[in-house]
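Here's the letter readout for the chains.
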Amino acid sequence: MTWKATALTLFPEMFPGSLGLSLAGRALREGRWSLDTLDIRSFAHDRHRTVDDTPFGGGAGMVMRPDVIDAACAAAQAEGAERPLVYLTPRGRPLQQSLVRDLVAGPGVILLCGRYEGVDQRVIESRGMIEVSIGDYVLSGGEPAALVLLDACVRLLPGVMGAVESGEEESFSTGLLEYPHYTRPAEWNGRAVPPVLLSGHHAEVAKWRRGASEAITRERRPDLWARFNENKGGPASASTRPV
Ligand SMILES: C[S@@+](CC[C@H](N)C(=O)[O-])C[C@H]1O[C@@H](n2cnc3c(N)ncnc32)[C@H](O)[C@@H]1O
């Protein structure tokens, strides 16, 4: 069954954007996933097609109206409510590979792209939305965040990545960041490739990569490193430096 994505947005022209190209674009054309957009403005019911209003309690900016957003959600779920409804927001749980894997395992996703100051809280709650953030910074709208989330999902769909591009060893799949990569030439600008990678000893290469992964995670992401060790049930052993 085709993995189905629907974006609820005030800017349908932003889709498929970068997802029309490369791996995701090919997979879209091959029917491995589908992408629809629903223009939130078409669910407004006054003659000015108003989608936002001033915040109760005062303050700057505008808030997206719950009745308009609810109607858009209902239309997206018209065929059934199996697909999770994700609201992209800086306030949400951080987008992580584990969530990406969970979403890919399901039938697809409906993505609500906010604008202005965001969406009225009542419709977030009444529709049981999952709130997801792509990072600790503020974008002007949810569309780039939706494209990021979809990119991360689509590449994991069956048949999208070739065996060579398999995601099994990449960052986060083991709870660690990925080891460094090297290709020809073996020496470049006075910089040599770590000799073990030229040795042809697969076990030694695997050991070096594992050590490099651990070292780079420990140095760059103490939070991931701590979680990795918790899950392992003890302190890490490797002390190999990656470069
Ligand atoms: C200008 S932002 C609103 C920011 C909001 N007032 C706040 O302080 O959290 C407009 C919309 O962009 C999207 N957005 C902004 N930053 C995001 C992020 N880091 N992750 C996901 N969506 C984001 C959300 O859909 C949000 O409703």
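Here the structure is a predicted model, which means the values were calculated and not measured.

(A) Spotlight on the packing of helix H3 (residues 97-105) against helix H5 (residues 143-154). Closest axis-to-axis distance for the H3/H5 pair is 9 Å, and the angle between their directions is 70°. What the angle tells us is that H3 and H5 run roughly perpendicular. In terms of crossing hand, the pair formed by H3 and H5 is right-handed. Within the contact between the two elements, H3 uses Val100, Leu103 and Val104 and H5 uses Leu149, Ala152 and Cys153.

(B) Highlighting the pattern of salt bridges. With the rule as written, the count across this model stands at twelve salt bridges. Glu79 is the salt-bridge partner of Lys4, the closest N and O atoms lying 2.8 Å from each other. Here Lys4, found in strand E1 (residues 3-9), pairs with Glu79, found in the loop between helix H2 (66-76) and strand E5 (85-94); they are 75 residues apart in sequence, far enough to count as distant. Among the residues examined, Glu79 registers a relative accessible area of 68% and is labelled exposed. Between Arg91 and Glu131 there is a salt bridge, and its shortest N-O distance comes to 2.9 Å. You can see Arg91 sitting in strand E5 and its partner Glu131 sitting in strand E7 (residues 130-133), a full 40 residues away along the chain. A cluster of three or more residues bridged by salt bridges with shared partners is formed by Arg26, Glu30 and Arg32.

(C) The arrangement of helix H6 (residues 202-220) in detail. In a regular helix each residue adds 1.5 Å, so 19 residues correspond to 27 Å; H6 covers 27 Å between its end C-alpha atoms and thus fits that length. For H6, every residue scored as buried is listed here: Val205, Trp208, Gly211, Ala212, Ser213, Glu214, Ala215, Ile216 and Thr217. Of the surrounding elements, those touching the buried residues of H6 are helix H7 (222-232).

(D) Region of interest: the site of the ligand. Near the ligand, the surroundings consist of 19 residues, among which Tyr87, Leu88, Gly114, Tyr137 and Leu139 are the closest. Separating a nitrogen atom of the ligand from a side-chain N or O atom of Glu117 is a distance of 3.0 Å. Within the backbone of Gly141, one N or O atom sits 3.5 Å away from an oxygen atom of the ligand. Examining the composition of the shell around the ligand, we find that four residues originate from one element, E5, more than from any other. For the shell around the ligand, a count of residues per class yields ten nonpolar, eight polar and one charged.

(E) Examining the sheet that holds E1 more closely. Pairing is parallel across the open sheet formed by five strands, whose spatial order is E2-E1-E6-E5-E7. In this open sheet, the two strands that pair with only one neighbour each are strand E2 (33-39) and E7. Mean inter-strand twist for the sheet, computed between neighbouring axes without regard to direction, equals 35°. Across the sheet, H2 touches E1, E2, E5 and strand E6 (108-113), and the angle it forms with E1 is around 160°.

(F) Focus on the nonpolar core. With 29 residues, the main nonpolar core has Trp3, Trp33 and Leu150 as its most contacted residues. At the level of secondary structure, the elements contributing two or more residues to this core comprise E1, helix H1 (22-29), E2, E5, H3, E6 and H5. Sorting elements by how many residues they give to this core places H5 first, with eight residues. By size, the runner-up hydrophobic cluster in this structure holds 20 residues, among which are Cys73, Leu85, Tyr87 and Val119.

Parameters at a glance
Residue numbers run consecutively from 1 along every chain, following the written order of its sequence. In keeping with the model being predicted, local features are shown solely for residues with a pLDDT of at least 70 and side-chain atom pairs are shown and tallied solely at 80 or more, while totals for entire chains, interfaces and linings include all residues. Side-chain measures were taken over the full set of non-hydrogen atoms in the model, leaving aside hydrogen atoms and water. Inter-axis angles, ranging from 0 to 180 degrees, are taken between N-to-C directions of lines fitted to C-alpha atoms, where helices are fitted over the stretch in contact. Segments assigned H or I by DSSP are reported as helices when at least four residues long, segments assigned E as strands when at least two residues long, and all are numbered from the N terminus. These descriptions rest on fixed angle ranges, namely under 35 degrees for roughly parallel, over 145 for roughly antiparallel, 65 to 115 for roughly perpendicular, and the rest for oblique. Left-handed describes a crossing in which the near helix is turned anticlockwise from the far one by less than a right angle; the clockwise case is right-handed. It only takes one pair of heavy atoms within 4.5 Å for two residues to be counted as in contact. Each reported salt bridge corresponds to a side-chain nitrogen of Lys or Arg within 4 Å of a carboxyl oxygen of Asp or Glu. Relative accessible area decides the class of each residue, using a 1.4 Å probe on protein chains only: under 20% of the type maximum gives buried, over 50% gives exposed, and in between gives partly exposed. Expected span, for any helix, means 1.5 Å times one less than how many residues it has. We call a residue near a given molecule or strand whenever any one of its heavy atoms falls within 4 Å of it. Any N or O atom pair separated by 3.5 Å or less is treated as a polar contact, with the protein-specific requirement of one donor-capable and one acceptor-capable atom, and with residues adjacent in sequence counted only for side-chain atom pairs. Gly falls in the polar group here, along with every residue not listed as nonpolar (Ala, Val, Leu, Ile, Met, Phe, Trp, Tyr, Cys, Pro) or charged (Asp, Glu, Lys, Arg). Here a strand pair is declared whenever DSSP counts at least two bridges between the two strands. Nine residue types can take part in a nonpolar core, namely buried Ala, Val, Leu, Ile, Met, Phe, Trp, Tyr and Cys, and a core is a set of them joined through side-chain atoms within 4.5 Å.

Everything listed is a geometric property; what it means functionally is a separate question.
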